[in-house]
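Residue-level structure breakdown
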Amino acid sequence: MIDAKILPLQKAALQPVAEFLAHRGVRADQISLVGFLTGLGAFAALCFGYFLVALLLILVNRALDGLDGAVARILGPTDRGAYLDIALDMVFYALIPLGFAVAIPEVNALPAAVLIVSFVGTGSSFLAFSAVAAKLGRKAPEFPTKGIYYAGGLAEGFETIAVFVVMCLLPHHFPLIAYGFAALCALTTVIRWRQGWLAFSGGDR
């Protein structure tokens, strides 16, 4: 919901680090892969109940996720980089609730499953909209630096990470937080379905 608003702040914060890395031969794809490995570390920490360690690794993952794009804009964005970024992000988002489920399966398994299904809804509606929009040559003016078309919604990247942070700080409230955010994701999915229906219906409205 506020991803577009925080992009300028993110760019200003990451630009000096991105320039430092780019001028030393570090490529965006390398940062993406390191970020994903950090996300796997967060998943492992969650599985063993090290919630604050997981929180730190989640924040590092997100910082690297922003940094790879900043480096790509300096060195030149690539289609492979855009693909890798979104593909790894989708897996990362699903791994976090799965980690809570593994940590306390008797309490967290069902709410984690519901949340992951809601992520499938937001992710699939996002990617389907992006694919058709790209076919039609449409651009998202709110996200001019992104490698693919970004369809907004109530539950975007910032909101998801904020929820992950709260989950790590209050792990015993995971079921309530998961169900609540799953409902928001479900609403986002329905809104995107409607957006797609209207945007791509042509003369058949």
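Report follows, based on the coordinates. Quantities reported herein were computed from a predicted structural model and do not represent experimental measurements.

1. Side note on helix α7 (residues 174-199)
Along its 26 residues, α7 runs 36 Å from first to last C-alpha, staying within 8% of the 38 Å computed at 1.5 Å per residue. Within α7 the residues assigned to the buried category are Phe-174, Pro-175, Ile-177, Ala-178, Phe-181, Ala-182, Cys-185, Thr-188, Thr-189, Arg-192 and Gly-196. Taken together, the buried residues of α7 touch α4 (79-103), α5 (105-135) and α6 (157-169).

2. Description of the side chain of Asn-108
Along the chain, Asn-108 turns up in helix α5. Residue class for Asn-108 comes out buried when judged on its relative accessible area of 2%. Contacts of Asn-108, omitting those with residues within four sequence positions, involve Phe-100, Ala-101, Phe-174 and Pro-175.

3. Section: the packing of aromatic side chains
Enumeration according to the criterion identifies eight aromatic pairs in this entry. Plain terms: the ring middles of Phe-51 and Phe-100 are 5.6 Å apart, the flat faces sit at 10 degrees to each other, and that makes the pair stacked. Note that Phe-51 is positioned in helix α3 (residues 51-75) and Phe-100 in helix α4, a separation of 49 residues in sequence. By relative accessible area, Phe-100 is classed as buried at 0%. Centre to centre, the rings of Tyr-93 and Phe-164 are 6.3 Å apart; their planes meet at 50 degrees, and the pair counts as tilted. Of the two residues, Tyr-93 is situated in helix α4 and Phe-164 in helix α6; the sequence distance between them amounts to 71 residues. Using a relative accessible area of 16% as the deciding quantity, one classes Tyr-93 as buried.

4. Some words on the packing of α6 against α7
The angle between the axes and the distance between the axes are what describe a pair of packed helices. Put simply, α6 and α7 touch, their axes get as near as 10 Å, and they point 165 degrees apart. One finds that α6 runs roughly antiparallel with respect to α7. For α6 against α7, the interelement crossing comes out right-handed. Contacts between α6 and α7 involve Glu-159, Thr-160, Val-163, Val-166 and Met-167 from the first element and Phe-174, Ile-177, Ala-178 and Phe-181 from the second. The residue makeup of the contact of α6 with α7, split by class, is seven nonpolar, one polar and one charged.

5. Some remarks on the nonpolar core
Counting 27 residues, the largest nonpolar core has Ile-96, Phe-100, Phe-164 and Met-167 as its most contacted members. Where this core is concerned, the elements lending two or more residues are α2 (28-47), α3, α4, α5, α6 and α7. Tallying contributions element by element places α7 first for this core, with six residues. Setting aside anything within four residues of it in sequence, one finds Phe-100 in contact with Leu-46, Phe-51, Asn-108, Met-167, Cys-168, Pro-171 and Phe-174. The next biggest cluster of nonpolar side chains, apart from the first, holds ten residues, and it includes Ala-22, Ala-70, Val-71 and Ala-72.

6. Comments concerning the environment of Leu-184
Following the sequence through the fold, Leu-184 ends up in helix α7. The class for Leu-184 is partly exposed, based on a relative accessible area of 30%. For Leu-184 and Thr-122, which are 62 residues apart along the polypeptide, the C-alpha to C-alpha distance reads 9.9 Å. In contact with Leu-184, other than residues within four places in its own chain, are Leu-154 and Ala-155.

7. A closer look at the packing of α2 against α3
Running from amino to carboxyl end, α2 crosses α3 at an angle of 165 degrees, the nearest separation of the two axes being 8 Å. With respect to α3, the element α2 is oriented roughly antiparallel. In this structure, α2 crosses over α3, and the sense of that crossing is left-handed. Residue-level contacts link Ala-28, Ile-31, Ser-32, Val-34, Gly-35, Phe-36, Thr-38, Gly-39, Gly-41, Ala-42, Ala-45 and Leu-46 of α2 to Phe-51, Val-53, Ala-54, Leu-57, Ile-58, Val-60, Asn-61, Leu-64, Leu-67, Asp-68, Val-71 and Ala-72 of α3. Among the residues making up the contact of α2 with α3, the classes are represented as 17 nonpolar, six polar and one charged.

8. Section: the pattern of salt bridges
Between side chains of opposite charge, a pair can form when the charged atoms approach closely. Under the counting rule described, the total for this entry stands at three salt bridges. We note a salt bridge from Asp-89 to Arg-62, for which the minimum N-O separation is 2.9 Å. Here Asp-89 is found in helix α4, whereas its partner Arg-62 is found in helix α3, with 27 residues between them in sequence. Given a relative accessible area of 14%, Arg-62 falls into the buried group. Overlapping salt bridges, with partners in common, bring together Arg-62, Asp-65 and Asp-89 in one network.

About the thresholds
- Residues numbered from 1 in each chain as written.
- Predicted model: local features only at pLDDT ≥ 70, side-chain atom pairs only at ≥ 80, totals over all residues.
- Heavy atoms only, no water.
- Helix = DSSP H or I, 4+ residues; strand = E, 2+ residues; numbered from the N terminus.
- Expected span 1.5 Å × (residues − 1).
- Buried < 20%, exposed > 50% of the residue type's maximum accessible area, 1.4 Å probe, protein only.
- Contact = heavy atoms within 4.5 Å.
- Phe/Tyr/Trp six-rings, centres within 6.5 Å; stacked < 30°, edge-to-face > 60°.
- Axes fitted to C-alpha atoms, helices over the stretch in contact; angles between N-to-C directions.
- Parallel < 35°, antiparallel > 145°, perpendicular 65-115°, else oblique.
- Left-handed = near helix turned anticlockwise from the far one by under 90°.
- Nonpolar A, V, L, I, M, F, W, Y, C, P; charged D, E, K, R; others polar.
- Core = buried A, V, L, I, M, F, W, Y, C linked by side-chain atoms within 4.5 Å.
- Salt bridge = Lys/Arg side-chain N within 4 Å of Asp/Glu carboxyl O.

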